[in-house]
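Breakdown of the fold
One letter stands for each residue in the lines below.
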Amino acid sequence: MKFGIAIFPTDYAVDPGTLAQMVEERGFESLWFPEHTHIPASRKTPYPAGGDLPREYSHTYDPFVALSFAAAATEHLKLATGICLIIERDPITTAKEVASIDRLSGGRFLFGVGAGWNREEMENHGTDPDRRFGLMRERVEAMKAIWTEEGAEYHGKQVGFDPIWSWPKPRQPPHPPIVIGGSGPKVLDRVLAYGDEWMPNRVPPDDLPGRIEELQKRAADAGRGHIPVTWSGAKPDPEEVERLTEAGCDRITFYIRPEDAGQTERSLDRKAELTALATSD
């Protein structure tokens, strides 16, 4: 089992470079930064977890800028977006950001993507919420073309461009793993269509083993190998780790709150004690 840390890198908490060093020193495999370009003041879309939206959602750094600091401060830690809201981003610009950080980090980047939940946030970027999943697919496919072709072009229903030249290309061949976030009824279709890994977070415990089994069976039927599964935001509890391991997860991430360096160290130490216990069995 691989263990990672997920956190909103904010302007009022420990800086991303110092945080990444702490995470790497404690033996975690990966560090995941989510994304929100902004939070609409209207708050018409309810927070999926219920209650008030936490402060960090409107204070987070751009994930690629924050991850560049994390990359410079570490040697082995994998660096990930968890998740990047590609439906709110230009695919040509984002393809260059992904390739740049993958090359500069020595091939340590994991590209977690998702279609988001805040409808007003999407609309402020000109995205039709009802068409966001099709847009996500096309933008990912367009970026794959940019990463793997010398004269890349793409022509879809919502994304299109004639041949372009764009370097650098990613360090990882053919590109960093595309980790599809989400837990809805069609997410496995997306993983199999244009993803490399799956990252759920809200699948009911009794349903998770069956969904992972379905994913792996469909992958085998399609001539693909094992598709890694990352559970996002696990409870810091030994029984939870055991349950997710038995369900077929390959990686577990723990969320920590954005706090100062001292509080962050204590939170990471508690998570590290749990992972040490889990790997000693």
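The following paragraphs examine the structure supplied in this document. (Residues numbered from 1 in each chain as written. Predicted model: local features only at pLDDT ≥ 70, side-chain atom pairs only at ≥ 80, totals over all residues. Heavy atoms only, no water.)

Details of unusual backbone geometry
- Cis geometry marks the peptide bond from Gly82 to Ile83; its omega dihedral reads 5°.
- For Ile83, the position within the fold is in strand E3 (residues 78-85).
- Pro168 follows Trp167 through a cis peptide bond whose omega is 10°.
- Examined against the element boundaries, Pro168 turns out to sit in the loop between strand E6 (160-164) and strand E7 (178-181). (Helix = DSSP H or I, 4+ residues; strand = E, 2+ residues; numbered from the N terminus.)

Here we look at helix H9 (residues 261-280)
- Between its terminal C-alpha atoms H9 stretches 28 Å, which fits the 28 Å expected from 20 residues at 1.5 Å a residue.
- Taken as a whole, H9 has its buried residues at Thr264, Ser267, Leu268, Lys271, Ala272, Leu274 and Thr275. Axial view of H9: buried residues confined to an arc of 165°, hence all on one face. For H9, exposure combined with an orientation more than 90 degrees from the buried face picks out Arg270, Glu273 and Ser280.
- Structurally, H9 contributes buried residues whose contacts are with strand E1 (2-6), helix H1 (16-25), helix H8 (238-247) and strand E10 (251-255). (Expected span 1.5 Å × (residues − 1). Buried < 20%, exposed > 50% of the residue type's maximum accessible area, 1.4 Å probe, protein only. Arc of directions from axis to C-beta. Contact = heavy atoms within 4.5 Å.)

Observations concerning a negative patch on the surface
- Together, Asp237, Glu239, Glu242 and Glu246 make up a negatively charged patch on the protein surface.
- Here Asp237 is to be found in the loop between strand E9 (230-231) and H8.
- Residue classification places Asp237 among the partly exposed residues on the basis of a relative accessible area of 32%. (Patch = residues over 30% accessible without salt bridge, like charges linked within 9 Å, V, L, I, M, F, W, Y side chains within 5 Å. Areas by Shrake-Rupley, 256 points an atom, 1.4 Å probe, with all protein chains shown as cover. Salt bridge = Lys/Arg side-chain N within 4 Å of Asp/Glu carboxyl O. Lys, Arg positive; Asp, Glu negative; His and termini not counted. Charge placed at Lys NZ, Arg CZ, Asp CG, Glu CD.)

Concerning the pattern of salt bridges
- Applying the stated criterion to the full structure yields 15 salt bridges.
- Residues Asp269 and Arg26 are paired through a salt bridge, measuring 2.6 Å at the closest nitrogen-oxygen approach. Of this pair, Asp269 sits in helix H9 while Arg26 sits in the loop between H1 and strand E2 (30-33); the two residues are 243 residues apart in sequence, bridging distant segments of the chain.
- Overall, Asp269 belongs to the partly exposed group, its relative accessible area being 34%.
- Here Arg243 and Glu240 are joined by a salt bridge, their closest N and O atoms 3.2 Å apart. In this pair, Arg243 and Glu240 are both assigned in helix H8, three residues apart and thus about one turn of the helix distant.
- One salt-bridge network, held together by shared partners, links Glu25, Arg26, Glu265 and Asp269.

Focus on helix H7 (residues 208-221)
- Taking 1.5 Å as the rise per residue, H7 with 14 residues should run 20 Å; its terminal C-alpha atoms sit 20 Å apart, in good agreement.
- Burial in H7 covers these residues: Leu208, Arg211, Ile212, Leu215, Gln216 and Ala219. The buried side chains of H7 occupy one side of the element, clustering within an arc of 135° when seen end-on. Turned more than 90 degrees from where H7 packs its buried face, Glu213, Lys217 and Asp221 sit exposed.
- Looking at the buried side of H7, the elements it contacts are helix H6 (187-194), strand E8 (197-199), E9 and H8.
- Phi turns positive one or two residues past the end of H7, at Gly223, with a value near 80°.

A short note on the sheet that holds E9
- As summarised here, the arrangement of the eight strands in space is E8-E7-E4-E3-E2-E1-E10-E9, forming an open sheet in which the pairing is parallel. Each end of this open sheet is capped by a strand with a single partner; those strands are E8 and E9.
- Inspection of the sheet shows E1 paired to E2 by three bridges, in the parallel sense. Residue pairing across strands places Ile5 opposite Leu31, the latter belonging to E2.
- Running at roughly 175° to E3, helix H2 (residues 63-72) makes contact with E2, E3 and strand E4 (109-114) of the sheet.
- Along the sheet face, helix H5 (residues 132-148) touches E4 and E7 and points at about 155° away from the line of E4. (Pairing = 2+ DSSP bridges. Axes fitted to C-alpha atoms, helices over the stretch in contact; angles between N-to-C directions.)

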